[in-house]
Amino acid sequence: MTAASGMPAAWAGRARWPGPRPRPRQHASLVITGALCALLCVVTGCSSGTDSVDQAAGGGFGFVQQASNSDFVPVENRTPAPILTGPTVTGPELDLTSYRGRIIVVNFWASWCAPCRAETPGLVTMAADNPQVAFVGVNEKDNLSAAKAFIRDNGVNYPSIIDRIGTLAARWPVPPGLPSTFVLDAKGRLAARFTGGVLPDELMPMLTRLRAET
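All values derive from a computational prediction rather than experimental measurement. (Residues numbered from 1 in each chain as written. Predicted model: local features only at pLDDT ≥ 70, side-chain atom pairs only at ≥ 80, totals over all residues. Heavy atoms only, no water.)

1. Remarks on the state of the cysteines
Phase 1 of the analysis: Across all of its chains, the model carries one disulfide by this definition.
Phase 2 of the analysis: Note on cysteine connectivity: cysteine 113 is disulfide-linked to cysteine 116, with sulfurs 2.4 Å apart. A torsion of 80° about the S-S bond marks the disulfide between cysteine 113 and cysteine 116 as right-handed. Each member of the pair cysteine 113 and cysteine 116 is classed as buried. (Disulfide = S-S within 2.5 Å. Buried < 20%, exposed > 50% of the residue type's maximum accessible area, 1.4 Å probe, protein only.)

2. Focus: the pattern of salt bridges
A side chain with one charge may pair with a side chain of the opposite charge, provided their charged atoms come close.
Phase 1 of the analysis: This structure, assessed with the given rule, holds five salt bridges.
Phase 2 of the analysis: In this structure, the salt-bridge partner of aspartate 71 is arginine 193, at a minimum N-O distance of 2.9 Å. Of this pair, aspartate 71 sits in strand 2 (residues 70-72) while arginine 193 sits in strand 9 (residues 190-195), and the two are 122 residues apart along the sequence. Summarising the burial analysis for this pair, aspartate 71 and arginine 193 share the class buried.
Phase 3 of the analysis: A salt bridge links aspartate 185 to arginine 78, with the shortest nitrogen-to-oxygen separation between them at 3.0 Å. Linking aspartate 185 in the loop between strand 8 (180-184) and strand 9 with arginine 78 in the loop between strand 2 and strand 3 (85-87), this pair joins segments that are 107 residues apart in sequence. The burial state of aspartate 185 is the same as that of arginine 78; both residues are buried. (Salt bridge = Lys/Arg side-chain N within 4 Å of Asp/Glu carboxyl O. Helix = DSSP H or I, 4+ residues; strand = E, 2+ residues; numbered from the N terminus.)

Laid out in C-alpha cells, this is it:
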C-alpha cells in the first residue's frame, strides 16, 4: 500500500474511475432482451388490434380467423370488394362487377410462385366442376409470356387480370407473399380469404356455406 494514497502499490498511477464501474454483463443482457423483444414483435405482428390478421393486411374488412390460413366475414360485417378491372393475360378487358349475382373466387398468383403452381390444378378442377361460381385470377408482377405459358401448360380455364406493378393488389387485403384467394358472395362483398395455397377441401366448404345464404 502507498503511504500517500492508502491504495495498494499495484494500483499506484492508475486513474480512479469517477463513478460506479460499468456492468458489462448486465448491459449485454439488456441488449439481448431488447433484441428478443424486437424479434417477437416481428413474428407476432405486434398488432394493437384484436384481430392481428386484419391489422397486418387490410384493416376494416371484418375478417375473423377460422384457421391458420383462412378468414371469414360474417354477413353483417361484409363490405363491397375493392375495384378489380383491367386487361387479362389473354387480352380482353374484364371488370369483376360483370359477375355480380354469382359467388366469385379471386386468386392472386404468379408463374414464379411455387405455392401458386401447387394449388392451380385444384382451382382448375373446381372451376370446371362449379360452373355457377365465377373464378378470376389476378396475375401479379409477372412476365406476360411466362404468365401465358403458365395458363397454357396448366389448362387454366378462367381469365386472369394483369396486375403488372401491384396496383390492384394494393387495394385488396392481400398479405405479403403469394398466393392469396378471396371469395365474394353473390352481392359482390368480401366473404372469405385464404392466405397461401388453398386446397379444394378447404375452398369447397366455403362455397357451400355461401350458397346456403342465398
